[in-house]
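Structural features, examined
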Amino acid sequence: MCQCSQGQLLARERQIFGDEKGVVCPLAELDPSKLKITITTSPKTYSRPESTQWGKADATTDHMITARWTDTVGWHAPELGPYTRMHLWPTASCLHYATECFEGLKAYRGYDGKVRLFRPSRNAARLLLSSTRIACPTFPPYAIEELVKALIAVDAEKWLPEPGTFIYIRPTIIGTGRALGVQKPREAMFYIVMALFPKFDNPLKLLASSEDTIRAWPGGFGSAKVGANYGPSLMAQKEAQLRGYDQILWLFAKEAFVTEAGASNFFCVIRSKVSGKLELITAPLDDKIILDGVTRRSILELARERLSNEIEVVEKRYTMADLASAHDEGRLVEAFAAGTAYFVAPVTEIHFRGKDIFPAKSGEDSTYTKQIKQWLADIMYGNANHEWGVIVEEKGFVSERVDDAEVEKMVQKIKKLKASRAWETALEKIKSEELGEVE
């Protein structure tokens, strides 16, 4: 027997057969103007990011945004409400078929007191690419950006109080349909949460991946930010940490092409053996092995704009043999990882199958790494006026909850006032004023 409601059946009928005029009705778009807001009555206690046990304890803010999608209606009105658990059927598509994708970006409290996002339109566009890659619903990217701003507008005042700090934002889409079967999800959920996040921009030591370990491959989904890219990489990451390294430098094929550092893009500064010029090198996007990182894109654009007289920006395939040769010949100047989580972190050492590779400059001595990092930070924190820094207007929130102590205090005040001879007269006057009877 069909379990659909009458409304769902009508919506489905209109989608398939059209309305009374024979016009096929499109599914509803995700519309941020329809956002429904419910402020929490049980606000959390704020704690500083450095005091939070990242990865071990709840570090989320007071609110979250959710929006349902069904193949009969399309997108339902988004809702901003208290952060809470989500209810999923055990057979939900995301739990069995990896129909899950997400984004990662940050909001920054500038030194001028304003809150900014860094190029949020790029994250929204990439989320659409990722959602499409796993057959989840589409949406107008601007809607994602506006909903991110809406959550920040409410929670940033409390959770991002100090200039020079940031908070992490995680927009996510999951397939939620409960029917088992390898198929496009018939239901989905979009949500946004925010969490306190530690700084991860300390110098890194990398362990190059082994030949039998591959993160992504041409024609796969390495260019999409889907959960299936991350789970299978965790064993290799754990091995690297047990051996005293911070992350894996992911290689591909027998040639050991350099791709990414952990979940971040990898860059190196090498002096060309042919021209003698410095080159800022990173892996290309054309084979879709690596992620089109927002930080990566920004670094390339800034370097081309501001360093063209000093360094050539090159996107190309290169191998660990190229990197080792540059090291042996004294041409490997710097190396760094870049992404939302690690920001811009200098690489001080790379271990590749028995050989240790050290950039000539690392840590505080990394000239270009430091310069690029500072340029980005200036935009993020408002020290430089730039179109990439998108200011968010804050609204804040006041909890509607009244605690017992406040209620008892008011009761005692009223009791004292009622004991006064003027109580009845004053009360009548207030009532008259409320009715507009007293000028």
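Now for a description of the structure that goes with this document. What you see is a predicted model, and the numbers here were worked out from it, not measured in a lab. (Residues numbered from 1 in each chain as written. Predicted model: local features only at pLDDT ≥ 70, side-chain atom pairs only at ≥ 80, totals over all residues. Heavy atoms only, no water.)

This part is about the layout of surface pockets. Reported here for the largest pocket is a volume of approximately 1,100 Å³. For the largest pocket, the lining is made up of 41 residues, of which Y168, R170, Y230, A263 and A341 are closest to its centre. Those elements that provide at least two residues to the lining of the largest pocket are β8 (165-175), β9 (187-195), α5 (234-242), β11 (247-252), β13 (264-271), α6 (294-306) and β16 (332-339). Sorting elements by how many residues they give to the lining of the largest pocket places α5 first, with 4 residues. Taken together, the residues that form the lining of the largest pocket break down as 19 nonpolar, 16 polar and 6 charged. (1 Å grid on protein atoms, 1.4 Å probe; cavity = no way out; pocket = protein on both sides within 12 Å on 5 of 7 lines; lining within 4 Å. Points joined across faces, edges and corners; volume = space filled by probe spheres on them. Helix = DSSP H or I, 4+ residues; strand = E, 2+ residues; numbered from the N terminus. Nonpolar A, V, L, I, M, F, W, Y, C, P; charged D, E, K, R; others polar.)

Secondary-structure assignment places V193 in strand β9. When near neighbours in sequence (up to four residues on either side) are disregarded, V193 contacts M64, Y83, L151, Y168, I169 and R170. (Contact = heavy atoms within 4.5 Å.)

The next point concerns a nonpolar patch on the surface. A contiguous nonpolar surface patch, about 320 Å² in accessible area, is contributed by Y97, L180 and V182. You can call V182 exposed: its relative accessible area is 76%. (Patch = residues over 30% accessible without salt bridge, like charges linked within 9 Å, V, L, I, M, F, W, Y side chains within 5 Å. Areas by Shrake-Rupley, 256 points an atom, 1.4 Å probe, with all protein chains shown as cover. Salt bridge = Lys/Arg side-chain N within 4 Å of Asp/Glu carboxyl O. Buried < 20%, exposed > 50% of the residue type's maximum accessible area, 1.4 Å probe, protein only.)

Moving on, we come to empty space enclosed by the protein. What the rule picks out here adds up to 4 cavities of 30 Å³ or more. Space inside the largest cavity adds up to approximately 100 Å³. Lining the largest cavity, in full, are G104, L105, K106, Y108, F118, N123, V294, T295, G339, T340, F343 and M380. Sorting the residues of the lining of the largest cavity by element identifies β6 (105-109) and α6 as the ones contributing at least two each. If you tally residues by element for the lining of the largest cavity, the top one is β6, at 3 residues. Looking at the lining of the largest cavity, its residues break down into 6 nonpolar, 5 polar and 1 charged. Of the pockets and cavities examined, the second largest cavity occupies roughly 70 Å³. As for the second largest cavity, its lining consists of F252, F257, V258, T259, A283, P284, D287, I289, I290, R317 and Y318. In terms of residue count, the dominant contributor to the lining of the second largest cavity is strand β12 (residues 257-261) (3 residues). Of the residues contributing to the lining of the second largest cavity, the split by class is 8 nonpolar, 1 polar and 2 charged.

Below, the discussion takes up the pairing of strand β4 (residues 79-82). Two elements, strand β1 (residues 36-37) and β4, share 2 bridges in a ladder whose sense is parallel. Directly across from K36, in β4, lies its bridge partner E79. Relative to β4, strand β2 (residues 63-70) is paired through 4 bridges, and the arrangement is antiparallel. Its bridge partner being in β4, M64 is matched across the sheet by G81. (Pairing = 2+ DSSP bridges.)

To continue, consider the nonpolar core. In terms of nonpolar packing, the biggest core is built from 42 residues, with I152, I169 and F190 touching the most fellow members. For this core, the secondary-structure elements that each account for two or more residues are β2, β6, β7 (115-118), α3 (120-133), α4 (141-159), β8 and β9. With 10 residues, α4 is the largest single contributor of residues to this core. Among residues more than four places away in sequence, those in contact with I169 are E103, G104, L105, K106, A107, L117, V148, I152, I192, V193 and M194. One finds A303, V313, F336 and W375 within the second-largest nonpolar core, a separate group that totals 31 residues. (Core = buried A, V, L, I, M, F, W, Y, C linked by side-chain atoms within 4.5 Å.)

When the terminal C-alpha atoms of α6 are compared, their 18 Å separation across 13 residues agrees well with the 18 Å that a helix rising 1.5 Å per residue should span. Those residues of α6 that fall on the buried side of the exposure criterion are V294, T295, R296, S298, I299, L300, L302 and A303. (Expected span 1.5 Å × (residues − 1).)

This part covers the packing of aromatic side chains. Where two aromatic rings form a pair, the distance of their centres and the angle of their planes describe that pair. Taken as a whole and assessed by the stated rule, the structure comprises 12 aromatic pairs. Summarising the aromatic geometry, the rings of Y168 and F197 are spaced 4.8 Å apart at their centres and angled 15° between planes, so their arrangement reads as stacked. Of this pair, Y168 sits in strand β8 while F197 sits in the loop between β9 and β10 (204-208), placing them 29 residues apart in sequence. Comparing Y168 with F197 shows no difference in burial state: the two are buried. The residue whose ring lies beneath K205 is Y245, and the NZ or CZ to ring-centre distance is 5.4 Å. Positioned above the aromatic ring of F257 is the side chain of R317, whose terminal nitrogen or guanidinium carbon lies 3.9 Å from the ring centre. (Phe/Tyr/Trp six-rings, centres within 6.5 Å; stacked < 30°, edge-to-face > 60°. Lys NZ or Arg CZ within 6 Å of the ring centre and 35° of its normal.)

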